Amino acid sequence: MTQGCERMEHVTDINKKEYIDGCKAVVKDIMEDENIELTDHELTLLTEDIMDTALMMGGDYAILNIVHITKEYIRSDFLSRFKAMCNTKEDV
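Calculation rules
Residues numbered from 1 in each chain as written. Predicted model: local features only at pLDDT ≥ 70, side-chain atom pairs only at ≥ 80, totals over all residues. Heavy atoms only, no water. Helix = DSSP H or I, 4+ residues; strand = E, 2+ residues; numbered from the N terminus. Buried < 20%, exposed > 50% of the residue type's maximum accessible area, 1.4 Å probe, protein only. Contact = heavy atoms within 4.5 Å. Areas by Shrake-Rupley, 256 points an atom, 1.4 Å probe, with all protein chains shown as cover. Phe/Tyr/Trp six-rings, centres within 6.5 Å; stacked < 30°, edge-to-face > 60°. Axes fitted to C-alpha atoms, helices over the stretch in contact; angles between N-to-C directions. Parallel < 35°, antiparallel > 145°, perpendicular 65-115°, else oblique. Left-handed = near helix turned anticlockwise from the far one by under 90°. Core = buried A, V, L, I, M, F, W, Y, C linked by side-chain atoms within 4.5 Å. Salt bridge = Lys/Arg side-chain N within 4 Å of Asp/Glu carboxyl O.

A. Layout of the overall build of the chain. Scanning the chain for helices and strands turns up four helices and zero strands. For the chain, the proportion of its 92 residues judged to be buried stands at 29%. Expressed as a percentage of contacts within the chain between residues at least 6 apart in sequence, the contacts between residues at least 24 apart total 66%. As displayed, the chain offers around 6600 Å² of accessible surface, 50% of which is attributable to carbon and sulfur atoms.

B. Broad picture of the packing of aromatic side chains. Under the definition given, this model contains three aromatic pairs. Judged by centre distance (6.1 Å) and plane angle (55 degrees), the rings of Tyr73 and Phe78 are tilted. Taken individually, Tyr73 and Phe78 each receive the classification buried, so the pair is uniform in this respect.

C. Up close: the packing of helix α2 (residues 40–56) against helix α3 (residues 63–75). Two numbers describe how α2 lies on α3: the axes approach to 10 Å, and their chain directions differ by 115 degrees. Taken together, the axes of α2 and α3 lie roughly perpendicular to each other. Relative to α3, the crossing made by α2 is right-handed. For the pair formed by α2 and α3, the contact residues are Leu46, Asp49, Ile50, Met51, Thr53 and Ala54 on the first element and Ile66, Ile69, Thr70 and Tyr73 on the second.

D. Representation of the nonpolar core. Judged by nonpolar contacts, the single largest core of 21 residues is most densely connected at Val27, Leu46, Ile50, Ile66 and Phe78. At the level of secondary structure, the elements contributing two or more residues to this core comprise α1 (20–33), α2, α3 and α4 (79–91). No other element matches the seven residues that α2 contributes to this core. If we skip the residues at most four places from it in the chain, Ile66 touches Cys23, Val26, Val27, Ile50, Met51, Ala54 and Tyr61.

E. Quick peek at the pattern of salt bridges. Summed over the entire model, instances satisfying the criterion amount to four salt bridges. The salt bridge partner of Glu42 is Lys83, with a shortest N-O separation of 3.0 Å. Residue Glu42 is located in helix α2, and its partner Lys83 is located in helix α4; the two are separated by 41 residues in the primary sequence. Among the residues examined, Glu42 registers a relative accessible area of 8% and is labelled buried.

Listed below in structure tokens is the structure:
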């Protein structure tokens, strides 16, 4: 084992629970501005996915990151794929 690797910290260790409410409010505002209606459950799932995406991109939960990713989701016409994913998760 390479010396020091056992102490290596990863950005994915950020506790999502501490940030979910703030991120969810940002996502909700953007969705409302775009006239996209989501249930609270869908909004939570979407926010968590956006937060995971922010981390995978090497970022964090900063408002600008959440805004950028949310707008990219909208530009990529995410809604039909997302609704299908939500329906599948609810069936499990």
